[in-house]
Amino acid sequence: GIEVDIFERADELREVGSGLPLWTNALRALHALGLTDVIDRLGESVTAGSVTTWRGDILVDLRMEELLQQLGTINMVVHRAELLTALLSALDKRCIHLGTTCVGFTQDAHEVRVRFADGKEARADLLIGADGIHSIIRQQGFSVKRPRYAGYICWRGVASISRKGLETWAWGK
């Protein structure tokens, strides 16, 4: 029941990334959007997991049964591109605006005005900035400095295994 316009910097929407864990809040939001059946078809429920050191010592044991009992839902993992396709199919295509780069916004007591690089503006009651790590919205709205590289690297991989319901993270050198 909320009118939404989505402004995307990219000229086309294409596959980016791989596996994406959806935790409790995300699953509840997708349920509220009527996408529970879609997510159940696309996703794999996770019932066990761990965070380990690079040597395999367990730092955190993630047994999802406890979360299920406490919160009423569990973690699921989906492919990012499949989730994007499902979300796009639930939208009116006229509300998606590609090739629009936000350069700033102004706000008063009645509305928010978003400015784009091509000189166009959009007006709305609410602005949600989901514009990445170098967010113009965050920088302008909260005077946050650009992030500084601290020397950490994250490697991700996807493997096909026969065991279901497992995810694990290894942290370390």
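In this report, we go over the structure that sits alongside the text. Keep in mind the model is a prediction, meaning the values are calculated, not measured.

### Looking at the pattern of salt bridges
Next, step 1: Per the counting criterion, the structure on display carries four salt bridges.
Next, step 2: The shortest N-O distance in the salt bridge between Arg-94 and Asp-92 comes to 2.5 Å.
Next, step 3: Judged by its relative accessible area of 68%, Arg-94 is exposed.
Next, step 4: Take Asp-92: its relative accessible area is 39%, and that puts it in the partly exposed class.
Next, step 5: When salt bridges with common partners are traced through the structure, they connect Asp-108, Glu-111, Arg-113 and Arg-123 into a single cluster.

### Brief notes about the packing of aromatic side chains
Next, step 1: What the rule picks out here adds up to one aromatic pair.
Next, step 2: An angle of 35° between the planes, with centres 4.7 Å apart, marks the rings of Phe-7 and Phe-116 as tilted. Taken together, the residues Phe-7 in strand β1 (residues 6-8) and Phe-116 in strand β9 (residues 112-116) connect sequence positions 109 residues apart.
Next, step 3: Owing to a relative accessible area of 35%, Phe-7 belongs among the partly exposed residues under this scheme.

### What to know about the sheet that holds strand β8 (residues 102-107)
Next, step 1: Strand order across the open sheet formed by three strands is β8-β9-β10, with antiparallel pairing between neighbours. The open sheet has two edge strands, β8 and β10 (121-124), and neither has a second partner. The mean inter-strand angle of the sheet, taken between neighbouring strand axes irrespective of direction, is 20°.
Next, step 2: Sheet topology note: the β8/β9 ladder contains five bridges and is antiparallel. Counterpart to Thr-106 in the pairing with β9 is Arg-113.

### Observations regarding the pairing of strand β5 (residues 58-63)
Next, step 1: By the bridge criterion, five bridges tie strand β4 (residues 48-53) to β5 in an arrangement that is antiparallel. Paired with Gly-49 across the bridge in β5 is Leu-62.

### Here's the deal with the environment of Ala-170
Next, step 1: Looking at the element boundaries, Ala-170 is found in strand β11 (residues 166-171).
Next, step 2: A C-alpha to C-alpha distance of 9.1 Å links Ala-170 and Asp-57, two positions 113 residues apart in sequence.
Next, step 3: Setting aside residues no more than four positions away along its own chain, Ala-170 makes contact with Thr-52 and Thr-53.

### Focus: the sheet that holds strand β2 (residues 19-22)
Next, step 1: Taken in spatial order, the three strands make up an open sheet running β2-β6-β3, and their pairing is antiparallel. Strands at the two margins of the open sheet, each flanked by one partner only, are β2 and β3 (44-45).
Next, step 2: Of the strand pairs in this sheet, β3 and strand β6 (residues 76-79) are connected by two bridges, and their pairing is antiparallel. Within β6, the residue paired with Glu-44 across the bridge is Val-77.
Next, step 3: Its contacts with the sheet place helix α4 (residues 80-89) against β2 and β6, and it is angled at close to 85° to β6.

Criteria and cut-off values
Residues numbered from 1 in each chain as written. Predicted model: local features only at pLDDT ≥ 70, side-chain atom pairs only at ≥ 80, totals over all residues. Heavy atoms only, no water. Salt bridge = Lys/Arg side-chain N within 4 Å of Asp/Glu carboxyl O. Buried < 20%, exposed > 50% of the residue type's maximum accessible area, 1.4 Å probe, protein only. Phe/Tyr/Trp six-rings, centres within 6.5 Å; stacked < 30°, edge-to-face > 60°. Helix = DSSP H or I, 4+ residues; strand = E, 2+ residues; numbered from the N terminus. Pairing = 2+ DSSP bridges. Axes fitted to C-alpha atoms, helices over the stretch in contact; angles between N-to-C directions. Contact = heavy atoms within 4.5 Å.

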